[in-house]
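# Structural overview for review
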Amino acid sequence: MTDNIMNDITRRGWLVGTTAIASSMMMARGASAQTMINMGEPVSKDNPIRYTNNENPYGINPKVMEAIIEAYKKAHLYNFTTRRKLVKIISEIEDIPPECILVGAGSTEFLMATGALCGIAGGNAVVPYPSYAAVTRYVTRFGGQVIEVPVREDMSINLDDLRQAMTDNTKLVYISNPNNPIPNIVEKKSLEKFCLEVSKKAMVVIDEAYYEYVRNDDFSTMAHLVKDNPNIIVLRTASKIHAFANVRVGFAFGHPDTVKLLAKFGSNTISYPAQIGAMVSYKDKEYQKFVVDKNYQSLEILYKMFDELNLPYVKSNANFTYFNAGRDAKIVRDKLLESGVLVGRQYKAFPNWVRISTAKPEEMDYLVKIYKRDFGNI
Ligand SMILES: Cc1ncc(COP(=O)(O)O)c(C=O)c1O
């Protein structure tokens, strides 16, 4: 049975659909499977489908890929001007002044800078737990402390809990919105109030890595706050919706003084091809919509299974979901991997909960078949 399912998913050839985008994708070289390291080879334990790192299963927009390849013809030359053009494009899309935008090699560059600033000052960082841990690593590496504030029982980030955890020495408050691994959000009005109030005492970093996926009226970016508030930083990344995880482009939005401060940590870290690629990718809204639509289709496939099997889950505002498998998440991960299904790692706060990143809908069907076979009746 496993073999049949695996052959089936391998044979299907990773068709992406019948839209105009899909056909242009199929024409572009390499625009088939993006979810395995060894594309075209059978799904296996050693070549699993990746439902694990919140990546974009469709890969880089073919138009963008062409632009990147073309840009490599000039990549032997240093380039000091293209970044300004990219900033201008982002400024127009986001309606933020160019002097409030900094480009980096992914948003991790800014998680490092803000974490390092907190650590070097000997301060502490207040962060929800569980959440994306990059910033906390840099706080501790540079000598600071981390105060983790557990999410509530319903898995929500409670802003009052964060406020209460702050001390006189708190230099940084980090919120990933949507959160990760729990793909819920903080309500926009209360978050705005929190940012304005807390930024009087500490730097507030709002990490909006999954911003483009959110379809929720209670959500808003906090980007509009940065212009007038030197202590508020909003982070974005091209790693997710734009599939730039290993191209490395990200943005910090901040007050001009804050941008200058963060810029001290960077040194022209973004390659010319990456910048050209980002310029084309951010302008192509059609591809982004395609990716988000597919994401929600994939999520629906998972929700249906969770409902059928009575498994509690968090409705996603991002490209992954989190569900209670009712058993040790490590056991679930290991068992699924035997059939080439690689899901997220265990988080100690919720040992029975598993994070699943969305892959293509047909790959979600495969996961469902395997999951039901392995765990459906137990
Ligand atoms: C919340 C969050 N922030 C930042 C990142 C990393 O982004 P980048 O690739 O831009 O460094 C991730 C990656 O998974 C993430 O989940």
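Throughout, residues of each chain are indexed from 1 in the direction in which the sequence is written. At least 70 in pLDDT is required for a residue's local features to be given in this predicted model, at least 80 for side-chain atom pairs to be given and counted, and no such filter applies to totals for whole chains, interfaces and linings, which use all residues. Side-chain numbers come from the whole structure's heavy atoms, not from hydrogens or water.

## Comments concerning the sheet that holds strand β4 (residues 145-150)
Neighbouring strands of a sheet are bound in pairs by backbone hydrogen bonds; such pairs are parallel or else antiparallel. How we decide: At least two DSSP bridges between two strands are required for those strands to pair. Secondary structure follows DSSP: runs of H or I at least 4 residues long count as helices, runs of E at least 2 residues long count as strands, and numbering of each begins at the N terminus. For helices, the fitted line uses only the C-alpha atoms of the stretch in contact; every axis is such a line through C-alpha atoms, and the angle between N-to-C directions lies from 0 to 180 degrees.
On the basis of which strands lie adjacent, the open sheet formed by seven strands has the order β2-β8-β7-β6-β5-β3-β4 and mixed pairing. Bordering the open sheet on either side are β2 (101-104) and β4, each of which pairs with just one other strand. With direction set aside, neighbouring strand axes in the sheet form an average angle of 20°. Pairing geometry for strand β3 (residues 124-129) and strand β5 (residues 170-176), over three bridges, is parallel. Paired with V126 across the two strands is V173, which belongs to β5.

## Considerations on the environment of V186
The following threshold applies: The contact rule is simple, with two residues in contact once any of their heavy atoms fall within 4.5 Å.
The topology assignment puts V186 in the loop between β5 and α8 (188-198). Residues within four places of V186 in sequence aside, it is in contact with I157, L159, I175, N177, L191 and D218.

## Observations regarding the sheet that holds strand β9 (residues 313-314)
Strand order across the open sheet formed by three strands is β9-β10-β12, with antiparallel pairing between neighbours. A strand with exactly one partner marks an edge of an open sheet, and here the two such strands are β9 and β12 (353-357). Where β9 lies against strand β10 (residues 320-324), two bridges are found, and the strand directions are antiparallel. Across the sheet, the residue bridging to V314 is Y322, located in β10.

## Let's talk about the domain arrangement of the protein
The cut-off we apply is this: Boundaries between domains were set according to an automatic or database domain assignment. Salt bridges are identified by distance alone: a Lys or Arg side-chain nitrogen within 4 Å of an Asp or Glu carboxyl oxygen. Think of it as three bins: nonpolar holds Ala, Val, Leu, Ile, Met, Phe, Trp, Tyr, Cys and Pro, charged holds Asp, Glu, Lys and Arg, and polar takes everything else, Gly as well.
On domain assignment, one finds that the protein holds domain 1 (2-61 + 285-375) and domain 2 (76-283). The C-alpha centroid of domain 2 is placed 27 Å from the C-alpha centroid of domain 1. If you look at the interface, domain 1 gives 27 residues, while domain 2 gives 28 residues. The tally of links from domain 1 across to domain 2 stands at one salt bridge. For D293, the salt bridge goes to R215, with nearest N and O atoms at 2.5 Å. Where the side of domain 1 that touches domain 2 is concerned, the elements lending two or more residues are α11 (285-308), β10 and β12. The greatest single-element share of the side of domain 1 that touches domain 2, amounting to seven residues, is contributed by α11. Taken together, the residues of the side of domain 1 that touches domain 2 sort by class into twelve nonpolar, ten polar and five charged.

## Observations concerning the site of the ligand
Note the cut-off: Residues are counted as near a molecule or strand when any one of their heavy atoms sits within 4 Å of it. N or O atoms closer than or at 3.5 Å make up a polar contact, with two conditions inside protein: a donor-capable atom paired with an acceptor-capable one, and, for residues adjacent in sequence, both atoms drawn from side chains. Note that accessible areas follow from Shrake-Rupley with a 1.4 Å probe, and for residues the cover is restricted to the protein chains shown.
Neighbouring residues of the ligand: 13 residues in total, closest T108, D207, Y210, T237 and S239. Within the side chain of D207, a nitrogen or oxygen atom sits 2.7 Å from a nitrogen atom of the ligand. Between the ligand and the protein, one listed contact pairs an oxygen atom with a side-chain N or O atom of Y210 at 2.7 Å. When the ligand is considered free in solution it has 390 Å² of accessible area, and contact with the protein chains removes 92% of it. For the shell around the ligand, a count of residues per class yields three nonpolar, seven polar and three charged.

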